[in-house]
Every structure is written in C-alpha cells, then in structure tokens.
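# Observations on the model geometry
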Amino acid sequence: MISWNGFGVKLDQLEELLEKTFHCLLNTYESELLVDALVMAFTSHEPSQYPRTIKKYFMEVLKLFPRWQKEFEEENMDWCKDISRLVIGMAEENISLIAKLFVGDEADQQLCLNVVGMILHFTNVKGNFPVDETLSEISFGFWYILQEITQTASAQEHAAHYLKLLTPVYINLVHVLLRKAQYPDDSVYKSMNGDEKEIFRCYRQDIADTIMYAHCILFDNLALLLKSCVMDVTCRLPDVRWQEVESILYILSNVIDVSLSEDEEEWEINEYTDRLTKTPDTKEDIMLVEVINLISKLNLDHEILLISVLQVIGAFSEKYEQKPELLSVVFPIILLKGLNSAETVLFATSALKDICKDNNKLIEPYSDDIISVCHQKISSNTLSSRDAARLFSCVGHVLSTLPQDRIHQWLEKLLPPITYSLHQAASLSPSGPVKLQLMDKIQMLTFLFDSLDVCKYEDKTASHDSQPVLAIMKDMIPVLNLILSHWAADSEIVGCILELIKKCIRTLLEGFKCLLEEVCVMISKIYEHQQHHTVMEIIRQLVLIFMKDPAAVEIVKETFHFTARKTIDSLKQDTHGKTDLLESYMNLCVQMSKKSSDVLADKDFPFEDVFEMAVRGILLPEYLTVKACCSFLTDVITKKAKYTRLDVLVPNIATFLYDSLLKCVGGYSPRGNELHVTTVFLAMNLSYLPIATQTMQLLLNQENYPVPQVTADDKLRFIKDVIKERSSKRRLQEIITTFSMICRGIAGTAYAQQTALSMQFR
C-alpha cells in the first residue's frame, strides 16, 4: 500500500486495503509498519477530495480506543505510541476537514469532539515524562494546529461556534497540562540523568507554549482559570505538594503577558462542571494579589519552587504599580532567599533587574536594602560576571531615583573596587585571566551606565552636568586609554570598551559634549587597529545628537572622515574577506546621507573612493552587503544636487558602474541579488539618463555580454524597457528579473512562473 501511494492511487480506491489494515491493527501487536502505511495513505492525498472516506476512517480510529486503553494499562507502550501517532497524524493532516465538520450537523460535530477527546486522552496519560511515558508530547502540535485553524479568515464566520465547542476542550487541556508539567518526586528527579532532565525542561517549555496558544481559544478565561488554580492551592495549603504549586507558577510566568489584559473581566469556574459564568468586572490586579498571597505562604526551601517563584515575580514586574504594597513581600524573597543560592541567583538577579526598571517611582523606600545587598553580593566575588552586571543595572535604576548626595555616597562605596581592579589589570601583561577580569569590570560599568540616569526619572529638568555617569566616565577615560595601550588589537576587549562608550552617549546625550574630543581620539585609535562595527554605531549616535552644534559636529566629522579612509584602505586589501565591514560602513553612509548629508558632502570626505567601494560591492555574493551598497548608491545619486562631485564622478565611473549592475543581473551574482540593483537603475534614469542610455548600449552591444545565452534582440528590448521606466520601481523590477532569468537560462521554468506570479502581489 505504501508503494501504491507513490504511484498516485486514489484514496477511495484503497478502501478495501484500509479496512484490512485497520482489522489487523485490532488483532496484532506488530503495529509499526501498519501505522506507517495508514499514515502514508492519509497524508498523501488532498483531504478535501475525499471527505466521506476520511470521516469513515475517523470512525474506524475511534474503534481502536478501547484496545488502546487496555494496552496502555498493560504497558504495551510501542503499540500505544503507534496508534497515537496514527490518530494525531490523521487529525493534523485533515485539520481543515475537521474545521468544516465542527460546523456541520450534530453527528459530524460529535465525531470531531470524539477524535479531539481521544487525542486529549493521549496528552493526559498517567505518569511522568520522560521516565514513565514518552507519548504525551506527540499531541502538542495538534493543539496548536487546532487553535490556528479557527483563527483563519475563512473561519471567522463561525468563530462563535468554534469557541462554544472548543472552550471546554481547551479548559480541560490546560488542567491536563498543568498536571503534566509537574516535577516528579524528588527521588525520581534526582535519579534522572542529564539528558533526561534536559528533555523534561524542553517538554515543560512545550507545555507552556501550548497553553499560551490556548489563549486564542480561551481569551480572558485562561487568566481566570489560572487564578482559580492559584486560589485553590492557596486554600489547601500546607497540604499541597510543592510540585503542584510550582507547575502553576511556572505556567503563569510564561503566559502572563498574553493571559492578562487591561480590560479583563472576572469569571468564576465551577470546579465540577468547568462552566464559566460571568461576574462583575474587576481589575487585573486581582491575579497579582492572589499570586503574591500564595507566594507569601509558601515554604521556599526547595530550590526548584523558589526558581519558579522568582520567575513569576519577575514576570509581574510591570504590574506592581497597581499594588505597590506587594513589593514588601517581593523584595525580601529576592534579596534574602534568591540571591543566597547559586542555583537561584540567575533568576533572582533577572527578577530584581526587571522590577527595579519597571517600578522606579516605587522603589525608593527599599533603596538602601537593595543597594546594600547588591553591594554585599558583588563584593563577595561569588557571582558570575553576568549576574554581577545585572546587579549593577539594578543599582543604577535605584540610584537614579535618589537625591544627588545619596547617589554619591553609594557610588563612593561601589566604584572604588571596580576602578582599582581595572587599574591593576590594565598595568599587567596581557593574559587570559587578566582579559576576563577587564571584561567583567567593564561590563559591570556598562550596565551601570545604561541604567543610571537621573534625568529619566523624577527630575526631568536635571542638568546634564549633574549626571553621575559623566563624572564616572571622566575618571574612566585615562584607565580605558591605559587598557587600550595593551589590548587595542583584542576585539573582545575593544568591543566591551565601545559598548561602554555607546551606553554613556545614550545616557548623557548632549551632556556628552565635554567628553567628545577625548572619546573621538580614543575611537580613532581603536579603528586604526581594527575596524570594529560598534565604532560606526557610535559615530551615527554622535552625528544625530550634535548635528545642530557646529563646534561638536566638526569633531565628529573628523573622526568620520578618518574611519572612511581607514575603511577604504582595509577593503582595498581584502574586500571579499571583509564584507561585513563594507555592509556596516555602507549602512552608516546611508544613514548619514539621510540625516546629515553635509557630512558626506564635506570636501574632506573621500566621496569618490566611497562611491567606488559601493560599486565594487554590487558583485559580492552576500545579499545584505549588496543591499547596503545599492542603498548608498541610490540615495546619493538621487541627491545629485547636494553631492555636486557626482557630475564629474558619474561620467568617469559609469562604465564600471553599469558593468557591475549588468553582470549582477546577468548571473554573476546569486539569484535574488538582482532585486537590489533596481533602485540604482531607477536613480540613474532619473538623474543621468543620457549617460545611462549610452553606457548600457556600449556594454550590451558587445558579443556574448553579459552571457552568451542572451540574444541581441533580448538586449535591445532590455535597454529600451529600462530607460523608458522612470517612476515605477515594481515595473522596473519585473523587467530586470525577466532579463536575469533569460541570462541564467531559466526563463519559462516553473521557478520563473512562480517568481512572476509572486511579483504581481508585491
């Protein structure tokens, strides 16, 4: 039967074989080959052509369920897994038919509900995954597909009907998944090896994703169902297994963003019927209060439970503004418990960072406790570099809400160990441990610079001179220069320093001016040794900030011109090996042209060399590099009035430019790259039509150019069509794509037809 499927035999012609196959399934344990044959049969045909046959065999599938239950009890897992695979495969492949049957007559609806119920039973098998069973995960894809089919445009007409039928199903599914997400007993979990624990972690994430998708069916009911679970376990404390509580909190931390809405309405769930009944409107803070109430009553000695508590506390970070008094419960858990265990510190620092960032107006009463504990943990040198950096971010957010005198008091305690460590490491000979020490400390300061901003919070009118980051950076510049004297060729150290500068600029904005000259000298030295892409991001930042300050912008211009010359020299040596550099620099030049064209038009800017560099990039294989080069060429050519040097440059470089463009279209570049050159053709048509016409004719009149496959008539038609088009990018793209396919020898193929069809809908 598997072979006949390959020969295109219709599904209804296989009915006799299908019936015998199902009969064998009911009376044998050799199920794998039989199931493979059935799955092949039901997935190799268009289901809409055989609705009667599919319905018939859905009924046959349901007849297998009693034996499935019996075999599962007898632990014949291979047979059960094969049958589950068959049922789920049939359902997934015929999901559009199931959607239609759901809106059919009562018998069709019941058939679908029975099939869905059978799959729900597969999800709900007893035992812990992956120790006792490996079957339940097979069904997760079906639950996603089922909710997705109800969201399609064609299904919207019957949306209310789908929700009526599927809401009870998905409510039961959520209850099932909450149970399946529970950890096994401690003794069982400890006996699991590393691979099994990782499989279980992925399984729980799949469960969280499945419940999140269930929101498309349940909407607000999902949040209220979870709230009901929270209230239930709270009432049953302390006689509740920690695994049950942890499962609810874990799911909440993953789905909270989609399950809570600002205009949520309160429902009550009857524990016996699972029917939802509407009650008066309440605010979403009800969920927050219930969760924190539960957490406050828990024994948090178990690390796995504490991790989920910290995750859900962090997930609620944007909600505490509604109930600020709950922070008095939250902060002790993070500071006294979460930060005191190596297993939970990652989750504690993440939660603390999110809460401090999202609740700056509420954390002042807790500021001393937060900073004191953070200082203690950082000074202990027991944290990973990433955890310590996150704590510095927390410190920055908290300090930003304090008066200047208290900020300086705390910084005098926090910064000396960092600066001393940097001074010490900077004076040592380069080595692996020294490098790690430097990177860790610079990263801590980077996180501090990113979060410490007194202008962002209460005192909106604060002077830039009062920014603590400014004073810190002034002190750091000599240290950074000392570090660079030994490490300028190390891309990781340089990347850390540049990221620190970038965060400093973003915090200080115009206040960075007093540091501008020193920092520009520093980044020029860096670029002399290595062309780091972050330098370009910094230059873009500086131009945008100081473009209206003549004195400041001159300093930035000088740095930009230096990087241009250095980039050109570097790319002349090895263009193909440095396409990422070319792409980054072209993107920077495009942004400069759009935001501050005077920088490119300046007489000291090597405009001709940069233009030539962009032309060279057209024939590179990298898609994004070609796009960046074409974007630059298009932008400057369309602004010929601004860039007066083009009137001399274009006639001299036209042959090189069009040779690159035509070879890209003609097949010298990967398929798809020719789409980017369309805008360059169009820009030349608008700005330099006589040169464009003359150059294309000169080049295309050559025999076998750009490739032998293209005829003289094809080339003549191409020239005529291209120079005629001066307004429609889409039309010009069609012309270029058609000519490219002729050159590549694929005109008239299925790919060409598909491409032409797709372009009609752009």
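Residues numbered from 1 in each chain as written. Predicted model: local features only at pLDDT ≥ 70, side-chain atom pairs only at ≥ 80, totals over all residues. Heavy atoms only, no water.

### Describing unusual backbone geometry
In this chain, phenylalanine 129 is followed by proline 130 through a cis amide linkage whose omega measures 0°. Between tyrosine 705 and the following residue, proline 706, the backbone shows a cis peptide bond with an omega angle of -5°. Relative to the helices and strands, proline 706 is located in the loop between helix H34 (689-700) and helix H35 (712-724). At glutamate 75, a residue that is not glycine, the phi angle is positive and equals roughly 65°. Relative to the elements of secondary structure, glutamate 75 occurs in the loop between helix H5 (65-73) and helix H6 (77-93). Positive phi is not limited to glycine here, since leucine 509 has a value of about 50°. Secondary-structure assignment places leucine 509 in the loop between helix H24 (491-508) and helix H25 (513-529). (Helix = DSSP H or I, 4+ residues; strand = E, 2+ residues; numbered from the N terminus.)

### Let's talk about the packing of aromatic side chains
Scanning all chains against the criterion turns up 20 aromatic pairs. When the centroid spacing of 5.3 Å and the interplanar angle of 25° are considered together, the rings of phenylalanine 607 and tyrosine 643 count as stacked. Residue phenylalanine 607 is located in helix H30 (residues 607-616), and its partner tyrosine 643 is located in the loop between helix H31 (623-638) and helix H32 (646-668); the two are separated by 36 residues in the primary sequence. Across the pair, tyrosine 643 and phenylalanine 607 agree in class, each one buried. Taken together, the aromatic side chains of Phe129, Phe140, Tyr183, Tyr189, Phe200, Tyr203 and Trp242 make up a single cluster linked through ring pairs. One residue, lysine 640, lies across the ring of tyrosine 688, its end atom 4.3 Å from the ring centre. (Phe/Tyr/Trp six-rings, centres within 6.5 Å; stacked < 30°, edge-to-face > 60°. Buried < 20%, exposed > 50% of the residue type's maximum accessible area, 1.4 Å probe, protein only. Lys NZ or Arg CZ within 6 Å of the ring centre and 35° of its normal.)

### What about the packing of H34 against H35?
Following both chains from N to C, one finds H34 and H35 inclined at 170°, their axes separated by 10 Å at the closest point. Between H34 and H35, the angle falls in the class roughly antiparallel. In contact with Leu689, Thr693, Met696, Gln697 and Leu700 of H34, H35 contributes Lys715, Phe718, Ile719, Val722 and Ile723. Looking at the contact of H34 with H35 residue by residue, the classes come out as 7 nonpolar, 2 polar and 1 charged. (Axes fitted to C-alpha atoms, helices over the stretch in contact; angles between N-to-C directions. Parallel < 35°, antiparallel > 145°, perpendicular 65-115°, else oblique. Contact = heavy atoms within 4.5 Å. Nonpolar A, V, L, I, M, F, W, Y, C, P; charged D, E, K, R; others polar.)

### Considerations on empty space enclosed by the protein
Under the definition given, this model contains 1 cavity of 30 Å³ or more. For the largest cavity, the calculated volume is near 30 Å³. Of all elements in the fold, only helix H7 (95-102) and helix H8 (106-123) reach the threshold of two or more residues within the lining of the largest cavity. By residue number, the principal contributor to the lining of the largest cavity is H8, which donates 3 residues. Across the lining of the largest cavity, the residue classes tally to 6 nonpolar, no polar and no charged. (1 Å grid on protein atoms, 1.4 Å probe; cavity = no way out; pocket = protein on both sides within 12 Å on 5 of 7 lines; lining within 4 Å. Points joined across faces, edges and corners; volume = space filled by probe spheres on them.)

### Focus on the confidence of the model for the chain
Per-residue confidence for the chain gives a mean pLDDT of 88; residues scoring 70 or more make up 87%. Low pLDDT (under 50) marks residues 262-283, which in the prediction has 41 contacts with non-local residues, meaning those over four places away or in another chain. (pLDDT = per-residue confidence, 0-100.)

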